[in-house]
Every structure is written in C-alpha cells, then in structure tokens.
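Remarks on the overall topology
Given next are the chains, with one letter for each unit.
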Amino acid sequence: MSTIFTQIIKGNIPCYKIAENAKFLAFLDIFPLVKGHTLVIPKIEVDYIFDLPESELSEILLFSKAVAAKIHKAFPEYQRIGISVIGLEVPHAHVHLVPINSADDINFTRPKLKLEPQELESIRKKIIEG
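Here is a short report on the structure shown in this document. (Residues numbered from 1 in each chain as written. Predicted model: local features only at pLDDT ≥ 70, side-chain atom pairs only at ≥ 80, totals over all residues. Heavy atoms only, no water.)

Side note on the pattern of salt bridges
- Scanning all chains against the criterion turns up seven salt bridges.
- Lysine 17 serves as the salt-bridge partner of glutamate 20, at 2.7 Å between the closest nitrogen and oxygen.
- The exposure class of glutamate 20 is partly exposed, given its relative accessible area of 38%.
- Of the residues examined, lysine 17 reaches a relative accessible area of 37% and is grouped as partly exposed.
- Between glutamate 56 and lysine 23 there is a salt bridge, with its nearest N and O atoms 3.7 Å apart. Of the two residues, glutamate 56 is situated in helix H2 (residues 54-74) and lysine 23 in the loop between strand S1 (17-20) and strand S2 (24-28); the sequence distance between them amounts to 33 residues.
- On the accessibility criterion, glutamate 56 (13% relative accessible area) is buried.
- Here the residues in one salt-bridge network are Lys17, Glu20 and Lys43, joined through shared partners. (Salt bridge = Lys/Arg side-chain N within 4 Å of Asp/Glu carboxyl O. Buried < 20%, exposed > 50% of the residue type's maximum accessible area, 1.4 Å probe, protein only. Helix = DSSP H or I, 4+ residues; strand = E, 2+ residues; numbered from the N terminus.)

Listed below in structure tokens is the structure:
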C-alpha cells in the first residue's frame, strides 16, 4: 500500500503545490503550524529520511533551500524558515519548512491551523508568484 504522499505524487490526491522537479515535490501542509508551512518530499517512497540514497539526501536539502527562499520572500515578517525532519506522521520521508520567529514556532505539539481551501490557495499563489 502506498503512502498518502505517494498518492499525492501520482496525482490521486490533490495538493497545494509550491515546487516540483524530477525527484522532489513541495506542497503546503494542510494542517500547518503557521501560514506558509510547507512539506518537501522525495518522489521515491522511503520511510526514513536517512535511508534515502546519498545523492537524494543532499539534493532534498538543496531543493528545500530554494523553496525556503520563496516562502521567506512571501512571509518577510518571519526571521527564518525553520527546518524539521520528524518522520513519524507519515511513513514517507519528508522535510517541514516552517516560517519562524522563535523556536516555539516550530513546536509540533502546538495546535495546528485550520485553513479554508481558498486561504491555502491564496498562500500557495503568494509563495509561487513571489
């Protein structure tokens, strides 16, 4: 059985796509910590990020860097774009890119936002149109 992320990659489940290339996909987290919270996933289905081949492991960080720059431009009120790899929620390697002003902004025990589809689409456009 493929993961929900694999279903998103295949186009079976829609997402709010931010960026994509042959190896990776970035899309908005639909239950974000803050507006702009984005997930970056490899297109190969690997559960644990450190099981990725070395080339993909280094390339996911470079891909994430470019996505983080777009997020930061869209949300300049945040000092940084934090990065977190937890890997427990979905058995498919993924990176969280989260706009932050403090370490608490990337605390995953905090309540998640509940955004309407129109707002998620607006955030997506704000990020990709830069």
